[in-house]
Amino acid sequence: MTSFPTDLSPLTGRYTIDAAHSRIGFIARHAMVTKVRGAFTEFEGSASFDGSDPSRSGGKVTIEAKSVDTRNADRDKHLRSNDFFNMDEYPQITFVSTAVHRSGDSSFDVTGDLTIKDVTKSVTIPFIYEGTATDPFGNVRVGLEGSLSINRKDYGVIWNAALETGGVLVSEKIQLEFEISAIKDA
C-alpha cells in the first residue's frame, strides 16, 4: 500500500478518468451458489482535488447502462431489459460526490448521490490511494480503488426468480467495484 505524501499540494488539480485503464464493475450472487462478475465498458468522469483542504474536492461519473458486460450475451441482453436496467428509459447511471473526507494515511471516503433508474440514494465509497506516476507520455496519473455494497431493490432493480431448492436466482446485494486511473489535466 502506498502512503499519501505529507504535502498534498502537488496533487491539487482537475483529473479526468482514463476509461481505457480503469474498471467499473460489479459482483452478484447467482443461484445462491456462485458469483457473477461484470463491468461497464463505457463511462466517463472527472474530479477535482484540493490538496490544502481535501473536503473541497469532488467528482462525477457517468456510466452508460447499455455497456454492461458479463461475458454472456443473453444475460447482458436481460440486464439491459426492463427487468433490470431498463436502459431505453434510463440510459445512464451516475455518481455525483457531495463530500470527501480523508479517513486515513492513504484513504478517503467519498460520499455522493448514486442514481440508477432515476432513484437517487446517498452512498459512501471508501477509496484507497494506490499512488501517483508520470506515464511515458508525460501524463500525471493517480490510482484509486474502492468498493461498496448496495441493495439493488433500493434502486428499483427488483426482478428475480425463485429456485426450487429455495433462495433466488440473483442476489439483492450487489458489490460495486471501482479501479480508477485518472490523468491530471494540463
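Residues numbered from 1 in each chain as written. Predicted model: local features only at pLDDT ≥ 70, side-chain atom pairs only at ≥ 80, totals over all residues. Heavy atoms only, no water.

Draft legend 1. Local environment of a positive patch on the surface. A grouping of Arg29, Lys35, Arg37 and Lys173 is seen on the molecular surface, where their side chains present a positively charged patch. Within the secondary structure, Lys173 is located in strand β11 (residues 170-184). (Patch = residues over 30% accessible without salt bridge, like charges linked within 9 Å, V, L, I, M, F, W, Y side chains within 5 Å. Areas by Shrake-Rupley, 256 points an atom, 1.4 Å probe, with all protein chains shown as cover. Salt bridge = Lys/Arg side-chain N within 4 Å of Asp/Glu carboxyl O. Lys, Arg positive; Asp, Glu negative; His and termini not counted. Charge placed at Lys NZ, Arg CZ, Asp CG, Glu CD. Helix = DSSP H or I, 4+ residues; strand = E, 2+ residues; numbered from the N terminus.)

Draft legend 2. Spatial organisation of the layout of surface pockets. Approximately 570 Å³ is the volume found for the largest pocket. Lining the largest pocket are 35 residues, with Phe26, Ala28, Leu79, Phe85 and Ile174 sitting closest to its centre. Among the elements that take part in the lining of the largest pocket, strand β2 (residues 23-30) stands out by supplying six residues, more than any other. Broken down by class, the residue content of the lining of the largest pocket amounts to 27 nonpolar, five polar and three charged. (1 Å grid on protein atoms, 1.4 Å probe; cavity = no way out; pocket = protein on both sides within 12 Å on 5 of 7 lines; lining within 4 Å. Points joined across faces, edges and corners; volume = space filled by probe spheres on them. Nonpolar A, V, L, I, M, F, W, Y, C, P; charged D, E, K, R; others polar.)

Draft legend 3. The pairing of strand β4 (residues 43-49), seen in detail. Sheet analysis places strand β1 (residues 13-17) next to β4, joined by four bridges and oriented antiparallel. Paired with Gly13 across the two strands is Phe49, which belongs to β4. Both β4 and strand β5 (residues 58-64) contribute to a ladder of six bridges, which runs antiparallel. Its bridge partner being in β5, Phe43 is matched across the sheet by Ile63. (Pairing = 2+ DSSP bridges.)

Draft legend 4. Inspection of the packing of aromatic side chains at higher detail. Counted according to the given criterion, the structure contains five aromatic pairs. Between Phe84 and Trp159, the aromatic rings sit 5.4 Å apart at their centres with planes inclined by 55°, giving tilted as the arrangement. Taken together, the residues span a long stretch of sequence, with Phe84 in the loop between α1 (73-80) and β7 (92-104) and Trp159 in the loop between β10 (140-151) and β11 at a distance of 75 residues. Given a relative accessible area of 25%, Trp159 falls into the partly exposed group. A centroid spacing of 6.1 Å and a plane angle of 55° characterise the contact between Phe127 and Phe178, whose relative ring orientation is tilted. Of the two residues, Phe127 sits in strand β9 (residues 119-134) while Phe178 sits in strand β11, which places them 51 residues apart along the sequence. Taken as a pair, Phe127 and Phe178 share a single burial class, namely buried. (Phe/Tyr/Trp six-rings, centres within 6.5 Å; stacked < 30°, edge-to-face > 60°. Buried < 20%, exposed > 50% of the residue type's maximum accessible area, 1.4 Å probe, protein only.)

Draft legend 5. Structural view of the environment of Arg56. Looking at the secondary structure, you find Arg56 in the loop between β4 and β5. Along the primary structure Arg56 and Val100 are separated by 44 residues, whereas in three dimensions their C-alpha atoms are 7.2 Å apart. Within the structure, the side chain of Arg56 is placed 2.7 Å from the side chain of Asp50, a separation counted as a polar contact. (Polar contact = N/O pair within 3.5 Å; in protein donor to acceptor, adjacent residues only side chain to side chain.)

Draft legend 6. Seen up close, the pattern of salt bridges. Under the defined criterion, the tally for this structure stands at seven salt bridges. The salt bridge involving Glu179 is made with Arg23; its shortest N-O contact spans 3.9 Å. In this pair, Glu179 sits in strand β11 while Arg23 sits in strand β2, placing the two residues 156 residues apart along the sequence. Between Arg56 and Asp50 there is a salt bridge, with the nearest N and O atoms lying 2.7 Å from each other. Judged by relative accessible area, Arg56 falls into the exposed class, the value being 54%. Bridged by salt links that share partners, the residues Asp18, Asp135 and Arg141 form one connected network.

Draft legend 7. Region of interest: unusual backbone geometry. Residues other than glycine seldom take positive phi values, yet Arg71 does so here, at roughly 70°. Its location among the elements puts Arg71 in the loop between β6 (68-69) and α1. Of note in this structure, Asp118 is not a glycine but carries a positive phi near 65°. Tracing the backbone shows Asp118 in the loop between β8 (107-116) and β9. For Asp118, a relative accessible area of 65% translates into the label exposed.

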